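# Summary of structural features
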Amino acid sequence: QVQLVESGGGLVQAGASLRLSCAASGHSFSSYAVGWFRQAPGKEREFLAAIGGSNGGTYYDNSVKDRFSISRENAKNVVFLQITSLTPEDTGAYYCAAGRAIAGTPNHYDYWGQGTQVTVSS
């Protein structure tokens, strides 16, 4: 069982940067792939980025790869999502999820956090 808790969201102005954190507890977290997703009101959950477990590879949705960076510190059981040049279109609830392998769809992940809200004002 893996427990995930996101943090780092907030209300920011356009152009700002945020570093979101996904803190994990549970057995063998470092072996899990972790993905970040965003869900705006009335929209489906959107894949943003993912990072592998043992292999440590990264994958980004093409729409965000220039501004988003995912990393992990397995010794601390935490995965980060660094976001730069935020725009109002980045507003939404950001979720991290753990699964067996990197995937770009929510149904391929087994464990989810409760989300952290990011609101970007213009």
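Refer to the preceding data block for the structure.
Quick notes on the rules
Residues numbered from 1 in each chain as written. Predicted model: local features only at pLDDT ≥ 70, side-chain atom pairs only at ≥ 80, totals over all residues. Heavy atoms only, no water. Core = buried A, V, L, I, M, F, W, Y, C linked by side-chain atoms within 4.5 Å. Buried < 20%, exposed > 50% of the residue type's maximum accessible area, 1.4 Å probe, protein only. Helix = DSSP H or I, 4+ residues; strand = E, 2+ residues; numbered from the N terminus. Contact = heavy atoms within 4.5 Å. Pairing = 2+ DSSP bridges. Axes fitted to C-alpha atoms, helices over the stretch in contact; angles between N-to-C directions. Disulfide = S-S within 2.5 Å. Phe/Tyr/Trp six-rings, centres within 6.5 Å; stacked < 30°, edge-to-face > 60°. Lys NZ or Arg CZ within 6 Å of the ring centre and 35° of its normal.

## Concerning the nonpolar core
- In this structure, Leu-4, Trp-36, Leu-81 and Tyr-94 are the most contacted members of the largest nonpolar core, which totals 28 residues.
- Secondary-structure elements contributing two or more residues to this core are strand E1 (2-7), strand E3 (18-26), strand E4 (33-39), strand E5 (46-51), strand E7 (68-73), strand E8 (78-83), strand E9 (92-99) and strand E11 (116-121).
- The dominant element in this core, judged by the number of residues it contributes, is E3, at 4 residues.
- Setting aside anything within four residues of it in sequence, one finds Tyr-94 in contact with Glu-6, Leu-20, Trp-36, Phe-37, Arg-38, Leu-48, Phe-68, Leu-81, Ile-83, Gly-115, Thr-116 and Val-118.
- By size, the runner-up hydrophobic cluster in this structure holds 6 residues, among which are Phe-47, Ala-50, Ala-97 and Tyr-109.

## Considerations on the sheet that holds E1
- Within the open sheet, the 4 strands sit side by side as E1-E3-E8-E7. Their pairing is antiparallel. Where the open sheet ends on each side, the last strands, each with one partner, are E1 and E7. Taken pair by pair, the neighbouring strands of this sheet meet at an average axis angle of 20°, ignoring direction.
- Strand direction decides the pairing type here: E7 and E8, joined by 6 bridges, are antiparallel. Within E8, the position partnered with Glu-73 by the bridge is Val-78.

## Topic: the state of the cysteines
- Counted according to the given criterion, the structure contains 1 disulfide.
- Each sulfur in the disulfide pair Cys-22 and Cys-96 lies 2.0 Å from the other. Handedness of the Cys-22-Cys-96 disulfide follows from its S-S torsion of about 70°: it is right-handed. Taken as a pair, Cys-22 in strand E3 and Cys-96 in strand E9 lie far apart in primary sequence, 74 residues in all. Pair check on accessibility: Cys-22 and Cys-96 agree, each one buried.

## A word on the pairing of E4
- Burial analysis of E4 places 6 of its 7 residues in the buried class, the great majority of the element.
- The pairing of E4 with E9 spans 7 bridges and is antiparallel. Residue pairing in the sheet places Gln-39 in a bridge with Ala-93 of E9.
- Here E4 pairs with E5 via 5 bridges, running antiparallel.

## Side note on the packing of aromatic side chains
- Applying the stated rule across the entire model yields 7 aromatic pairs.
- Between the aromatic rings of Tyr-95 and Trp-112, the centroid separation amounts to 6.5 Å while the plane-to-plane angle is 75°, which identifies the pairing as edge-to-face. Residue Tyr-95 is found in strand E9, and its partner Trp-112 is found in strand E10 (residues 111-112); the two are separated by 17 residues along the sequence.
- The class for Tyr-95 is buried, based on a relative accessible area of 13%.
- These aromatic residues form a ring-pair network of at least three members: Phe-37, Phe-47, Tyr-59, Tyr-95, Tyr-109 and Trp-112.
- Sitting over the face of the ring of Phe-80, Arg-19 holds its NZ or CZ atom 3.7 Å from the ring centroid.
- Over the aromatic face of Tyr-95 sits the side chain of Arg-45, whose NZ or CZ is 3.8 Å from the ring centroid.

These figures come from the coordinates and say nothing about function on their own.
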